[in-house]
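Spelled out from the first residue to the last, the chains are:
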Amino acid sequence: MDPTVNWYFKTFLDSGEFGFGQSMVSLEPLADCPANAAFLDAYFAGEDGVPVKISNAICIFEKYAGDIMWRHTESELHDEEIREVGLTGILGIKGTSYTHVDQIKENVFGTLLSDNTIGVHHDHYLTYHLDLDIDGEANSFMKTNLETVTVRDESSGRKSYWSVASELAIINPNKQTKAGNKIGYRLFPGTVAHPLLVSDDYPQIRGGFTNYNVFVTPYNKSEKWAGGLYADQSRGEDTLAVWSLRNRSIENKDIVLWHTVGIHHVPCQEDYPIMPTLSGGFEIRPTNFFERNPVLKAKTPKPMRLPKCNSQP
Ligand SMILES: [Cu+2]
């Protein structure tokens, strides 16, 4: 494996939506899985109880993630721009007299990573200001609630099922598909880090925009930065959390979706002194926007020769 690129493993099951059992089908090399994929057979119990083999039912492959391993820019040196091969940042550390974890009998608020060096616990939050206009400015927000419904009477042998109360999407309530679904875009949220501080703790008041991972506000030119215009030393009076309390209508309006992704970073040895890139993200996808799958008429791509991965030590 090439150590200079990120690879990840993915298991790709079946080409049908019903992946297991009797509806499982064999996967076609190069059509269903890339050239570097390894294939596994599967067995299921047939109608008469006899095991039935399905060859190439599962494939496992590595896929180039497109991320560099690390990156760092030294911006404090004015005469020269030094770009080390770095990460998304050099780890925040503090000095200590400790050289081994066995010596530590108090809370040091981090991980001892090397002699006299503690990587401090901290959070990363990234807030995206998504001013979506779905087929025009007048949009509304819908939230998905998938709920367990318990069957209490004798109407069914089943004890429960699940139901959708609404949808997590930004929609245009004035436009519909032929079938009557409101056209929109759906948010597939990224990594959610719920704040671990109490809400009336000073840093959390200043960082109140992390209280929720989704906020929706009516568009306002002055509300651009979730932490307010002057975040440093602020008292938290100009953040997204405060703007959202103004009780303004977000129905059929030009609205902004704010999405915060985050991680609570507990440093580990591998993060020191420079942290390998940790990637994340989110997706916004057209949902009930097209009448049908819009790629139905797309041409089949030509098979490409990809390098085989030889996992040698
Ligand atoms: Cu970090």
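Residues numbered from 1 in each chain as written. Predicted model: local features only at pLDDT ≥ 70, side-chain atom pairs only at ≥ 80, totals over all residues. Heavy atoms only, no water.

Per an unreviewed UniProt entry, the protein chain carries the name Amine oxidase and comes from Vigna mungo. Checking UniProt for the protein chain, the heading Sequence similarities (unreviewed entry) contains the comment "Belongs to the copper/topaquinone oxidase family." (UniProt positions renumbered as here; feature names shortened; annotations may be inferred.)

Here we look at the coordination of the copper ion
Note on the copper ion: its protein donors are His-122 (NE2), His-124 (NE2) and His-265 (ND1). The metal-donor distances range over 1.9 to 2.0 Å. Here the donor residues of the copper ion share one chain and are spaced in sequence as H-x1-H-x140-H. The class for His-122 is partly exposed, based on a relative accessible area of 25%. Take His-124: its relative accessible area is 35%, and that puts it in the partly exposed class. (Donors = N, O, S within 2.8 Å, 3.2 Å for Na, K, Ca; no water. Buried < 20%, exposed > 50% of the residue type's maximum accessible area, 1.4 Å probe, protein only.)

Observations concerning unusual backbone geometry
At the junction of Tyr-272 and Pro-273, the peptide bond is cis and its omega measures out at 0° in the coordinates. Tracing the chain through its elements places Pro-273 in the loop between β16 (255–265) and β17 (283–287). Despite not being glycine, Gln-233 shows a phi value in the positive range, around 65°. Relative to the elements of secondary structure, Gln-233 occurs in the loop between β15 (214–218) and α2 (240–243). Despite not being glycine, Asn-288 shows a phi value in the positive range, around 60°. Tracing the backbone shows Asn-288 in the segment after β17. (Helix = DSSP H or I, 4+ residues; strand = E, 2+ residues; numbered from the N terminus.)

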